[in-house]
Amino acid sequence: LLRSSQPLTGPNRRRCREDEKLLGAILDEGERGFIIDTRSAQAAKQARMSGGGTEPKSSYPQWRRLHRALDRGRPLQESFIRLVEACGDPSLSMDRWLSRLESSRWLGHVKAALSTACLAAQCLDREGSKVLVHGAEGTDTTLLVTALAQLILDPSCRTLEGFQGLLEREWIEAGHPFQLRCARSASSHARGKQEAPLFLLFLDCVWQLSRQFPFSLEFGEQLLLALFDNAYASAYGTFLCNSEKERSLCKVKESTHSLWAWLNQPEEKQKLLNPLYSHNPLVIWPSVEPQSIQLWQGLFLRWIRPSQHLDEARAEIQRLVEGN
Amino acid sequence: MEHIRMPKVENVRLLDRLSSRRAVVGTLYLTATHVIFVENGSETRKETWVLHSQISSIEKQATTATGCPLLIRCKNFQVIQLVIPQERDCHDVYISLIRLARPVKYEELYCFSFNPKLDKEEREQGWKLVDLNEEYNRMGVPNNYWQISDVNRDYGVCDSYPTEIYVPKSATAHIIVGSSKFRSRRRFPALSYYCKGNNASICRSSQPLSGFSARCLEDEQMLQAIRKANPGSDFLYVVDTRPKLNAMANRAAGKGYENEDNYSNIKFQFIGIENIHVMRNSLQKMLEVCELKSPSMSDFLWGLENSGWLKHIKAIMDAGIFIAKAVAEEGVSVLVHCSDGWDRTAQVCSVASLLLDPYYRTMKGFMVLIEKDWVSFGHKFNHRYGNLDGDPKEISPVIDQFIECVWQLMEQFPCAFEFNERFLIHIQHHIYSCQFGNFLCNSQKERRELKIKERTYSLWAHLWKNRADYLNPLYRSDHSQTQGTLHPQIAPCNFLYKFWSGMYNRFEKGLHPRQSVTDYLMAVKEETQQLEEELEVLQERLANLQKSQSGDNKVKSKQQDRSKQIGLYTSNNSLANTPQEYSNDLKSFPSRSPSQGDEEDSALILTQDNLKSSDPDLSANSDQESGVEDLSCRSPSGGGCLPSEDSGKDSDEAVFLAG
């Protein structure tokens, strides 16, 4: 599984021998690979006008390109805002709730993200092919897909430690611009252009997986909520800045504490573990039917819905599994 | 058997609902009670059994090159798509099924031929499991305020009511009879639930025949009597569960609702729940959404909202909450009615009782609740669920809605119910299956005439025998959630109502979590119990030894790494699952069957196996052509299979195209 950003083909259909050689070297003789472009075919084509583009078939003969349009940027942020507003609207009658939920399109984004990740995973697992994922910048939907695909395929990513490693690798080190993306969240009126809840979308998808495979993830909802909180506002330096370079310049490692260090302390770790976890060596294929994708109430209704009874249930499960 | 034109058809294809590529070939059998499809060739010879009673509709579709398609839709939401090679055969099967699915006499129903091999005494005992007299006594009646009345002992006053009915002490026979003449279908106000703690009660009736201005002294006295039976309150709520418009329209037909001016000290309240026709259509629309091929999120949510289903569920729940509040918090008695007092009234009274009294949240209590508010009070099971061929306009998912309300509550209060989702699903299944006699006919009178108790078996006994399958592992009778009244959040709460895919997509295995948390936790619980018992025994033995010896032996607990132990058990449950078709663009993949070198495919249709382990009796009396596995083994640490709707034993394929 590889990731990159878009090739700078541009309007004049530029070629780059080194890039072609690199991609060619990845594949064996006669082997076919898949490129999953997270933009629609049209958007990818239009990108050429501003200097970007796609890998032309003629220059990359062994690679087959698939387009799966995933929303990012402004539309995704709008979707998020609309969902939060719908959840918080006390005047909403039952008649209108579902259509408000639908018009936010958030669940549609979840479905699309999971489907695309599953597609990538399917290429790797079922077809035995190599996959290259990229969108435009390679910092948003690209990471969403590669991180989710690994979670689906690789049981070691589903352990607490492995998941943290996955986050470090596929989001932090890979250069997702946290500072820009996770600036003000849903209620801010200052609608920053760079703001978009990709990371939240990722966490939502992970939550869907944990719901569909309750025994297969070593961590629970608490970890996902903690990550969401810390991505926006944190006492720790883990999610600071927009890239490794910036973190290095700001001397983040020297001047702040790591979130992982805190989360891995025994008392904190306890709260994050899933009592039902049992190592599942196999690939977990989620259902992406609409009935299978649910609103992440624990996050979106966190302050609206009383959680007492569900907390009690969770405590009961813990008690049962730990044998009283 | 005379209705069966073609008892056996070969080379029939059973299609997966969404992907015609995945079809299995087998033989179709028609028996007096079931339709059975047996797969060819595969080692396990999977069987799909469908009771004729479950068939809701049969659709013969246009013949194609591959054969003649037949679509069977069931009342338990199973949808079976068959393709029969010869058009002539298909037609014969179609005609036979049409007749078989619409019985004319009760004797045609499965319950009269079903034989679980119990003797007469066991059958009788089964029927005695739920005793309503015991229940009313448990509530605390008869007492100073309430008495049992035998005025209806020969069904002379109201033929849809039971023979034994509880009324206020001050309600004489004269008052009862008078009131019954002023009520639709003669369904006079009677006790549904009595709250010992504060003497408040829930009573139920049908609408008064008040028209625009008619009055009835006895009826007014009846309501007064109910009010007086609760000394703690000086007024009575009268709740009409219909939308105001409908109730008003009824006045033109000489019926209507209680005028606050005529009845002293009542507070009248409309709680608009729509009628049976609206509900029937609502369910229809929702099922259409479920049948969409690879819907988008939008299609699904729009369709769901358009059906209005969850809105109706919420309306029923809100009514129940209102009544529970009136009784528990205000200490005021409530009289509930709708039009005829056998649909919405039953729903609302039973939801309210469930909220108020933790007993009804136990397995036994729930059975009692259904027996009381639905069976004894004359809910028209035959008309509503089509035991016999009848007027399609009478069909409506009334009890289904109640059962769903219970499920919604279970989701909000996971520790509060002694039983689990499977219990609800099986009850719903059997309401339509007519395998047991509990839900036949339209009234107690009809059931007695048919001698149901002597000729059929009780579902309750059957469920009770298998109660281990139906337990909720999170339930503890000493838990705070299980005590007292349940208080569902009132507002905002729209989001609390979820689509119940466990019921409406029950047979689509790909949709559900492959491992059942409930079953796992039950296994853990059992294991813990066994270990604790062993520990006790060992400790005793050690104590005895220590008495006869001196020594410093420490008692070592036999707690092994239980999570590992159980973990092994669950991994045996084949965690493997296969991917959906996530790609729209089928051509992008060289076709490599997902089953290549993989875990066995299993049909997405519920096989009798899955039902059987909780219904072991079905195998005992089936027209079996082949041996059917008995999945009744239940040892947790033995790695045996747990009976579960979502049995992880087979890996399931979700093979529908994603949007």
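Being a predicted model, the structure only gives us computed values, none of them experimental.

Cut-off values and rules
Residues numbered from 1 in each chain as written. Chains lettered and ligands numbered in written order. Predicted model: local features only at pLDDT ≥ 70, side-chain atom pairs only at ≥ 80, totals over all residues. Heavy atoms only, no water. Helix = DSSP H or I, 4+ residues; strand = E, 2+ residues; numbered from the N terminus. Rg over C-alpha atoms; globule rule 2.2 N^0.38 Å. Buried < 20%, exposed > 50% of the residue type's maximum accessible area, 1.4 Å probe, protein only. Contact = heavy atoms within 4.5 Å. Pairing = 2+ DSSP bridges. Axes fitted to C-alpha atoms, helices over the stretch in contact; angles between N-to-C directions. UniProt positions renumbered as here; feature names shortened; annotations may be inferred. Parallel < 35°, antiparallel > 145°, perpendicular 65-115°, else oblique. Left-handed = near helix turned anticlockwise from the far one by under 90°. Nonpolar A, V, L, I, M, F, W, Y, C, P; charged D, E, K, R; others polar. Core = buried A, V, L, I, M, F, W, Y, C linked by side-chain atoms within 4.5 Å. Polar contact = N/O pair within 3.5 Å; in protein donor to acceptor, adjacent residues only side chain to side chain. Salt bridge = Lys/Arg side-chain N within 4 Å of Asp/Glu carboxyl O. Buried area = accessible area lost by both parts, 1.4 Å probe. Phe/Tyr/Trp six-rings, centres within 6.5 Å; stacked < 30°, edge-to-face > 60°.

S.K.: Give a detailed account of the overall build of chain A, specifying residues and quantitative values.
M.R.: When helices and strands are tallied, chain A shows 16 helices and four strands. Its C-alpha atoms give chain A a radius of gyration of 21 Å, near enough to 20 Å, the size a compact globule of 324 residues would have. Considering only C-alpha atoms, chain A reaches an extent of 65 × 45 × 45 Å along its principal axes. Split into buried and exposed, the 324 residues of chain A put 57% on the buried side. Put simply, of all contacts in chain A between residues at least 6 apart along the chain, 79% involve residues at least 24 apart.

S.K.: Please give an account of the sheet that holds strand β2 (residues 33-37) of chain A that cites residues and values.
M.R.: Note: strands within a sheet are paired through backbone hydrogen bonds, in either parallel or antiparallel orientation. Residues and elements named next belong to chain A. Spatially, β1-β4-β2-β3 is the arrangement adopted by the four strands of the open sheet, whose pairing is parallel. The open sheet has two edge strands with one neighbour each: β1 (2-3) and β3 (63-67). Bridge count for β2 against strand β4 (residues 130-134) is five bridges, and the pairing is parallel. Each bridged residue has a counterpart across the sheet, and for F34 the counterpart in β4 is V131. Against the sheet, helix α1 (residues 17-26) touches β1, β3 and β4, its axis set at about 100° to β3.

S.K.: Break down the UniProt feature "active site" (unreviewed entry) in chain B for me, with residues and values.
M.R.: Residues and elements named next belong to chain B. Here, UniProt's "active site" (unreviewed entry) annotation points to C338. Position of C338 among the secondary structure elements: in the loop between β14 (334-337) and α10 (344-356). Here C338 falls in the buried class, since its relative accessible area comes to 2%. Filtering out sequence-adjacent residues up to four positions away, C338 remains in contact with S205, S206, Q207, D240, T241, R242, D343, R344 and T345.

S.K.: Would you mind going over the sheet that holds strand β10 (residues 190-194) of chain B in detail, with residue names and values included?
M.R.: All names here are of chain B. One open sheet accounts for five strands, arranged β10-β11-β14-β12-β13; its pairing is mixed. What marks the edges here is a single partner per strand, and that holds for β10 and β13 (266-270). Looking at each pair of strands side by side, their axes are set apart by 25° on average, direction ignored. Where strand β12 (residues 236-240) and β14 come together, four bridges link them in parallel fashion. Along β14, the bridge assignment pairs V239 with V336. Of the strands in this sheet, β10, β11 (201-205) and β14 touch α10, which is tilted by about 170° from β11.

S.K.: If you had to explain the pairing of strand β3 (residues 34-39) of chain B to someone new, which residues and values would you point to?
M.R.: Residue and element names in this part refer to chain B. The element β3 is extensively covered by neighbouring structure, given that six of its six residues are classed as buried. Every second residue of β3 is oriented toward a common face, with H34, I36 and V38 on one face and V35, F37 and E39 on the other, all of them buried. As paired elements, strand β2 (residues 23-30) and β3 share five bridges and run antiparallel to each other. Its bridge partner lying in β3, Y29 is registered against I36. Hairpin remark: β2 followed by β3, antiparallel, with three residues in the connecting loop. Here five bridges tie β3 to strand β4 (residues 47-51), and the two strands are oriented antiparallel to one another. Considered in β4, the bridge of H34 is made with L51.

S.K.: With reference to specific residues and values, describe the packing of helix α4 (residues 94-104) of chain A against helix α9 (residues 309-330) of chain B.
M.R.: Remark: α4 of chain A packs on α9 of chain B, axes separated minimally by 8 Å, with the N-to-C direction vectors making an angle of 140°. One element, α4 of chain A, and the other, α9 of chain B, form an angle in the oblique class. α9 of chain B is crossed by α4 of chain A, and the crossing has right-handed handedness. Where α4 of chain A abuts α9 of chain B, its residues M94, D95 and L98 of chain A lie against L310, K311 and K314 of chain B. Of the residues contributing to the contact of α4 of chain A with α9 of chain B, the split by class is three nonpolar, no polar and three charged.

S.K.: Any details on the nonpolar core? Residues and values, ideally.
M.R.: The biggest cluster of nonpolar side chains holds 202 residues, and the ones touching the most others in it are F163 and F202 of chain A together with F366 of chain B. Element by element, the count of residues in this core is highest for α9 of chain B, at twelve residues. Not counting chain neighbours up to four residues away, the residues in contact with F163 of chain A comprise L151, S156, C157, F202, V206, F219, L223, L224 and L227 of chain A. In terms of nonpolar packing, the next biggest core, distinct from the first, is built from 24 residues, I4, L30, V93 and L100 of chain B among them.

S.K.: Please provide a residue-by-residue account of the UniProt feature "binding site: substrate" (unreviewed entry) in chain B, values included.
M.R.: Residues and elements named next belong to chain B. As annotated by UniProt and renumbered to match this structure, "binding site: substrate" (unreviewed entry) occupies N275, I276, C338, S339, D340, G341, W342, D343 and R344. Considering the C-alpha atoms alone, the annotated residues occupy 70 residues of sequence yet fold into one spot, their largest mutual distance being 12.3 Å. Structurally, the position occupied by D340 is in the loop between β14 and α10. Excluding residues within four positions of it along the chain, D340 makes contact with S184, R185, R187 and S206. Polar side-chain contacts of D340 include one of 3.4 Å to the side chain of R185.

S.K.: If you had to explain the pattern of salt bridges to someone new, which residues and values would you point to?
M.R.: When their charged atoms lie close together, side chains carrying opposite charge are able to pair. Under the criterion given, the structure shown has 44 salt bridges over all chains. The residue R169 of chain A makes a salt bridge to E170 of chain A at a minimum N-O spacing of 3.9 Å. Given the relative accessible area of 7%, E170 of chain A is considered buried. For D373 of chain B, the salt bridge identified is with K372 of chain B, shortest N-O distance 3.2 Å. The buried category is assigned to D373 of chain B, whose relative accessible area is 0%. In this structure, a network of salt bridges that share partners links the residues E316 and R319 of chain A together with R476 and D478 of chain B.

S.K.: Please give an account of the interface of chain A and chain B that cites residues and values.
M.R.: Taken together, the contacts link 65 residues of chain A with 73 residues of chain B. Around 5,800 Å² of area is buried between chain A and chain B when both sides are counted, 60% of it from carbon and sulfur atoms. Summed over the three residues of chain A that lose the most area to chain B, namely M94, R126 and Q291 of chain A, the buried surface amounts to 13% of that side. Across the chain A-chain B interface, the total number found is two salt bridges. The residue E316 of chain A makes a salt bridge to R476 of chain B at a minimum N-O spacing of 2.3 Å. At the junction of chain A with chain B, the criterion picks out eleven residue pairs in polar contact (both at pLDDT 80 or more). Contributions of two or more residues to the side of chain A that touches chain B are made by β3, α4, α5 (106-125), α9 (198-212) and α16 (308-321) of chain A. With nine residues, the top contributor of residues to the side of chain A that touches chain B is α16 of chain A. Per-class residue counts for the side of chain A that touches chain B are 32 nonpolar, 16 polar and 17 charged.

S.K.: Account for the side chain of S104 of chain A, with residues named and values stated.
M.R.: Residue and element names in this part refer to chain A. Inspection of the secondary structure assignment puts S104 in helix α4. For S104, a relative accessible area of 1% translates into the label buried. Separated by 2.7 Å, the side chain of S104 and the backbone oxygen of L101 make a polar contact. Residues in contact with S104, not counting those within four places in the same chain, are S79, R82 and L83.

S.K.: I'd like to hear about the packing of aromatic side chains, residue by residue, with values.
M.R.: To describe a pair of aromatic rings, you give the distance between the ring centres and the angle between the ring planes. Counted according to the given criterion, the structure contains 47 aromatic pairs over all chains. A ring pair is formed by F114 of chain B and Y457 of chain B, whose centres lie 6.2 Å apart and whose planes are at 85°; its orientation type is edge-to-face. Placement of F114 of chain B in the loop between α1 (87-100) and α2 (120-128) and of Y457 of chain B in the loop between α16 (452-455) and α17 (459-465) is noted, with a sequence separation of 343 residues between them. You can call Y457 of chain B buried: its relative accessible area is 8%. Residues F381 of chain B and Y385 of chain B carry aromatic rings whose centres are separated by 5.8 Å and whose planes lie at 55° to one another, so their mutual orientation is tilted. Note that F381 of chain B and Y385 of chain B are positioned in helix α12 (residues 381-385) at a spacing of four residues, about one turn of the helix. Taken together, the aromatic side chains of F163, W171, F178, F199, F202, F219, F239 and W260 of chain A make up a single cluster linked through ring pairs.

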